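Chain by chain, the residues:
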Amino acid sequence: MELIQNTPDLSAYLAADEVIDHDHPVVRATAARLAEGVPDSYAYARAAYEFVRDTIPHSQDSGDLRVTWRASDVLARRTGICYAKAHALAALLRAEDIPAALCYQRLANDDGAGHAVHGLIAVRFHGAWHRQDPRGNKPGVDARFSLNGERLAWVPDPESNEVDYPVLYAEPHPVVLGALKAAPDRPYLWKTLPTAL
């Protein structure tokens, strides 16, 4: 699949905003800790990915009812769903001048009833984008950081109307961000998750 930037301006994938607030002290301090002792930007990107994947539980897995969406809040509260974790990882990467984009998949719900949009990131190295899934591993999910072939949590099944969306967004998709901001808790969010983009 060819990944398509929604803006040709690469600097947009380094920018800070309300969601990917890599200028926030919590993000800066976390990035500085992760950067200690790593030899290069590739090692830093892997360390940031593994930090988000492994130390910030997916709120569905942990049973946390809080909804986070701003990167600094995800890092401070140590919780979030896939979108929030993608926002946190994008902020940590951008904090160290590594271009990061938000991207999405449409996947069937676990119970087989309907679909939901799943959030990922893409990181740019060696002139190409590489998708990564920081949602967090669990039985049946083994996502890994990779620049040599994708190691995502899920591979969409076209026969189940699942989709890999090829667009790389510099900012969260408005439908995704709207659902996150409107949700007072995760049970409410689960009822209002986007089903398609």
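Preceding block: the structure.
Reading the values: rules and limits
Numbers given for residues are sequential positions, taken from 1 along each chain in its written order. The predicted nature of this model means local features are confined to residues of pLDDT at least 70 and side-chain atom pairs, given and counted, to a pLDDT of 80 or more, with totals for whole chains, interfaces and linings taken over all residues. Computation of side-chain values: all heavy atoms of the structure, hydrogens and water removed. By the criteria applied, helices consist of DSSP H or I runs no shorter than four residues and strands consist of E runs no shorter than two, each listed in order from the N terminus. Categorising residues by exposure relies on relative accessible area from a 1.4 Å probe, with only protein chains included: less than 20% of the type maximum marks a residue as buried, more than 50% marks it as exposed, and the intermediate range marks it as partly exposed. Note on charges: Lys and Arg go in the positive column, Asp and Glu in the negative column, and His and the chain ends are not counted at all. For salt bridges, the criterion is a side-chain nitrogen of Lys or Arg within 4 Å of an Asp or Glu carboxyl oxygen. Polar contact is the term for a pair of N or O atoms within 3.5 Å; when the atoms are in protein, one must be able to donate a hydrogen and the other to accept it, and sequence-neighboring residues count only if both atoms are side-chain atoms. Here, residues are in contact when the closest pair of their heavy atoms is within 4.5 Å. At least two bridges found by DSSP between two strands is the condition for calling them paired. In this analysis an axis means a line fitted to C-alpha atoms, helices contributing only their contacting stretch, and an angle means the value between N-to-C directions, from 0 to 180 degrees. The scheme is simple: roughly parallel for angles under 35 degrees, roughly antiparallel for over 145, roughly perpendicular for 65 to 115, oblique for anything else. Each crossing gets its handedness from the near helix: less than a right angle anticlockwise from the far helix is left-handed, clockwise is right-handed. All amino acids are sorted into three groups, where Ala, Val, Leu, Ile, Met, Phe, Trp, Tyr, Cys and Pro are nonpolar, Asp, Glu, Lys and Arg are charged, and the leftover types, Gly among them, are polar. In this scheme, a helix's expected span is set at 1.5 Å multiplied by one less than its residue total. Nonpolar cores were defined as sets of buried Ala, Val, Leu, Ile, Met, Phe, Trp, Tyr and Cys residues, with membership established by side-chain atoms within 4.5 Å. Taken from the helix axis, the directions to the C-beta atoms give the arc we talk about.

Chemist: Teacher, can you tell me more about the side chain of R94 here?
Modeler: Here R94 lies in helix 5 (residues 82-95). Here R94 sits buried without a salt bridge, and the closest side chain of opposite charge, D17, lies 4.9 Å off (N-O distance). At 2.8 Å, the side chain of R94 and the backbone oxygen of A100 are in polar contact. The residues touching R94, leaving out its near neighbours within four places in the chain, are A12, Y13, L14, A15, I20, H22, A100, Y169 and A170.

Chemist: Mind showing me how you'd approach the pairing of strand 3 (residues 115-125) here?
Modeler: Along any regular strand the residues' side chains alternate between the sheet's two faces. Strand 3 sits mainly inside the fold: ten of its eleven residues count as buried. Pairing analysis gives nine bridges linking strand 2 (residues 100-108) to strand 3, with the strands arranged antiparallel. Among the inter-strand pairings, A101 is bridged to a residue of strand 3, identified as A122. The loop that links strand 2 with its antiparallel partner strand 3 comprises six residues; one of these, G112, has a positive phi angle of about 80 degrees. Pairing between strand 3 and strand 4 (residues 128-132): five bridges, direction antiparallel. The partner of F125 across the bridge, within strand 4, is A128. Hairpin connection, strand 3 to strand 4: the antiparallel pair is bridged by two residues, and H126 has positive phi, about 55 degrees.

Chemist: How should I be thinking about the packing of helix 1 (residues 25-35) against helix 5 in this particular structure?
Modeler: One way to put it is that helix 1 packs onto helix 5 with a least axis distance of 9 Å and a crossing angle of 70 degrees. Overall, the two elements helix 1 and helix 5 adopt an arrangement that is roughly perpendicular. Helix 5 is crossed by helix 1, and the crossing has right-handed handedness. Where helix 1 abuts helix 5, its residues V27, R28, T30, A31 and L34 lie against A91, L92 and A95. Residue classes in the contact of helix 1 with helix 5 are distributed as six nonpolar, one polar and one charged.

Chemist: Would you mind showing me how to read the pattern of salt bridges here?
Modeler: Note on pairing: side chains with opposite charge can pair once their charged atoms come close. Summed over the entire model, instances satisfying the criterion amount to twelve salt bridges. A salt bridge links E18 to R70; the nearest nitrogen and oxygen atoms lie 3.8 Å apart. Placement of E18 in the loop between strand 1 (4-5) and helix 1 and of R70 in the loop between helix 3 (59-62) and helix 4 (71-77) is noted, with a sequence separation of 52 residues between them. Across the pair E50 and R46 runs a salt bridge, and its minimum N-O distance is 3.8 Å. Here E50 and its partner R46 are both found in helix 2 (residues 41-55), four residues apart, which amounts to about one turn of the helix.

Chemist: Sorry, what's going on with helix 2 here?
Modeler: Along its 15 residues, helix 2 runs 20 Å from first to last C-alpha, staying within 8% of the 21 Å computed at 1.5 Å per residue. If you check which residues of helix 2 are buried, you get Y44, A45, A48, Y49, F51, V52 and R53. Along its buried surface, helix 2 packs onto helix 1, helix 4, helix 5, strand 3 and strand 4. Structurally, the start of helix 2 carries an N-cap: the backbone nitrogen of Y42 is 3.3 Å from a side-chain oxygen of D40.

Chemist: Sorry, what's going on with the nonpolar core here?
Modeler: For soluble globular proteins, the rule of thumb is that nonpolar side chains tend to be buried together. Y83, L92 and L93 are the most contacted members of the largest nonpolar core, which has 52 residues in total. Listed by contribution, the elements that provide at least two residues to this core are helix 1, helix 2, helix 4, helix 5, strand 2, strand 3 and helix 6 (174-182). Broken down by element, this core gets its largest block of residues, eleven residues, from helix 5.

Chemist: Please explain the sheet that holds strand 5 (residues 163-164) as it appears in this structure.
Modeler: Backbone hydrogen bonds are what pair the strands of a sheet, in a parallel or an antiparallel way. Reading across the sheet, the four strands line up as 4-3-2-5 and stay open at both edges, with antiparallel pairing between neighbours. In this open sheet, the two strands that pair with only one neighbour each are strand 4 and strand 5. Docked against the sheet, helix 5 engages strand 2 and strand 3, running at close to 10 degrees with respect to strand 3.

Chemist: What am I meant to see in helix 6 here?
Modeler: Among all positions of helix 6, only V176, L177, A179 and L180 are buried. Viewed end-on, helix 6 has its buried residues packed into an arc of 160 degrees, placing them on one side of the element. In this structure, the buried residues of helix 6 make contact with helix 5, strand 2 and helix 7 (186-192).

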